[in-house]
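Structural characterization, general
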Amino acid sequence: MLKLPMCKALVVIVVCLLLSVTIVDAKPKVALSKLRSHLSTALGTRASIVKDELNQPNNSARAGEYWLVHVKPKSTGHFAVKYRYNYNDKLYSHVERELRFRVGKTGCLRNPDGNGVYAKFCLGDTIILPIALENFTEHEFSLKFTDELVNDDSYADDRQPDKTLPPANPASANLIYLGAYSATQLHRAGGYTLQRYAVFEARQPGRFTLALSNLPLSQNLSASAGGYSIIVVDRETPITALLANENVEGFSKGFNGQEYSSSTGSNTNYLTNVIVIQTGDRFTFNYASEVHSAREEWNERAKKTFDKPTLSPPSIAKLPFSFDPTWEYNNWIKDWVTR
């Protein structure tokens, strides 16, 4: 049987542990209605909030860290949504984040720059703005808007794809193969990496996975074999997409109590790997990466064949559409992708 002093000690330890757990797990309650009101006021007549929610767990963000605001622009032009918050940490006094995007007219060319990265959005689109919460407080919002004309820049690429070797293309109903080209990336210690690219143009709407390789592909591959998750939509079809980039600036407080900018130029990339393109869009896919040694480079330079690779076309396979909600920030767009 335990003696009384020991029992008291155990009780104290248990109480302390419970208090510790409570303190660690406790998070400031987020008043979403207050945040929604402040952001809506900042957006004014330029955009409206159509939906908002706390983020779901995924590989890149923990639950409760972000407030995902679905915004529908009402004006064409350039938007810069800035929000600040108290960092509640000894390192920073407060932080400012800026979310920038351009909006063109209905049916504009979005000209995606990569997976989930768009040069602009169109009227009718819904843009998901990620607002960091964590244990930050005192969020404030502002909008800088300019009605500068947002043109539809046509696809431009200095490299002209080679059209002499057209491959069999089972995805031709949705994507027309236009050609291929290569690019050389030199290594500091000698040698290089050769990247091979294929250019396609979207023709008809559809959802599928596009597999590309410099080696022969079987047309009986399953969707689990990997590839590019593609959604082709009509020019006038609105999309829901996550804003991929933001600019972050941190402020610290000096000994005199004055705040100063202590970190700038950093950013967060909210990447997704579903490629949404419109009919008429051109998109470039990487289909091979080859590493060549320094000796190979020297031999090729001696033979004057360096940077003149044989341009073999990709092998193409069209697979069932696949979507991995656990990849980076895919989970934040799953409602639109899987509808």
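The structure displayed is predicted, hence computed values, not measured ones. (Residues numbered from 1 in each chain as written. Predicted model: local features only at pLDDT ≥ 70, side-chain atom pairs only at ≥ 80, totals over all residues. Heavy atoms only, no water.)

Moving on to the pattern of salt bridges. For the structure on display, the rule yields 12 salt bridges. Here Lys51 and Asp335 are joined by a salt bridge, their closest N and O atoms 3.1 Å apart. You can see Lys51 sitting in strand β1 (residues 47–54) and its partner Asp335 sitting in helix α4 (residues 334–337), a full 284 residues away along the chain. We classify Lys51 as partly exposed; its relative accessible area is 32%. Overlapping salt bridges bring together Lys120, Asp152 and Arg235 as one network. (Salt bridge = Lys/Arg side-chain N within 4 Å of Asp/Glu carboxyl O. Helix = DSSP H or I, 4+ residues; strand = E, 2+ residues; numbered from the N terminus. Buried < 20%, exposed > 50% of the residue type's maximum accessible area, 1.4 Å probe, protein only.)

For the rest of this paragraph, the subject is the sheet that holds strand β10 (residues 175–186). Sheet strands pair by backbone hydrogen bonding; their relative direction is either parallel or antiparallel. If you walk across this open sheet you meet the three strands as β10-β11-β18, and the pairing is antiparallel. In this open sheet, the two edge strands, each paired with only one partner strand, are β10 and β18 (282–292). Each strand of the sheet is rotated relative to its neighbour by a mean of 20°, with strand direction disregarded. Looking at chain direction, strand β11 (residues 192–202) and β18 are connected through 10 bridges and run antiparallel. Within β18, the residue paired with Tyr192 across the bridge is His292. Where helix α3 (residues 294–302) meets the sheet, it contacts β10, β11 and β18, and its direction lies at approximately 100° from that of β18. (Pairing = 2+ DSSP bridges. Axes fitted to C-alpha atoms, helices over the stretch in contact; angles between N-to-C directions. Contact = heavy atoms within 4.5 Å.)

Moving on, we get to the side chain of Thr126. Relative to the assigned elements, Thr126 resides in strand β8 (residues 126–132). Residue Thr126 is classed as buried on the basis of its relative accessible area, which comes to 9%. Look past the residues within four positions of Thr126 in its chain and what remains in contact with it is Val50, His70, Val71, Lys72, Ile239, Thr240 and Ala241.

The next thing to look at is the sheet that holds strand β2 (residues 66–73). Pairing in this open sheet of four strands is mixed, and the strands run β1-β2-β8-β14 from one edge to the other. Of all strands in the sheet, those bounded by a partner on one side alone are β1 and β14 (240–242). The sheet shows a mean angle of 30° between the axes of neighbouring strands, taken without regard to direction. Strand contacts of helix α2 (residues 32–43): β1 and β2, with the helix running at about 155° to β1, the strand carrying the most contacts.

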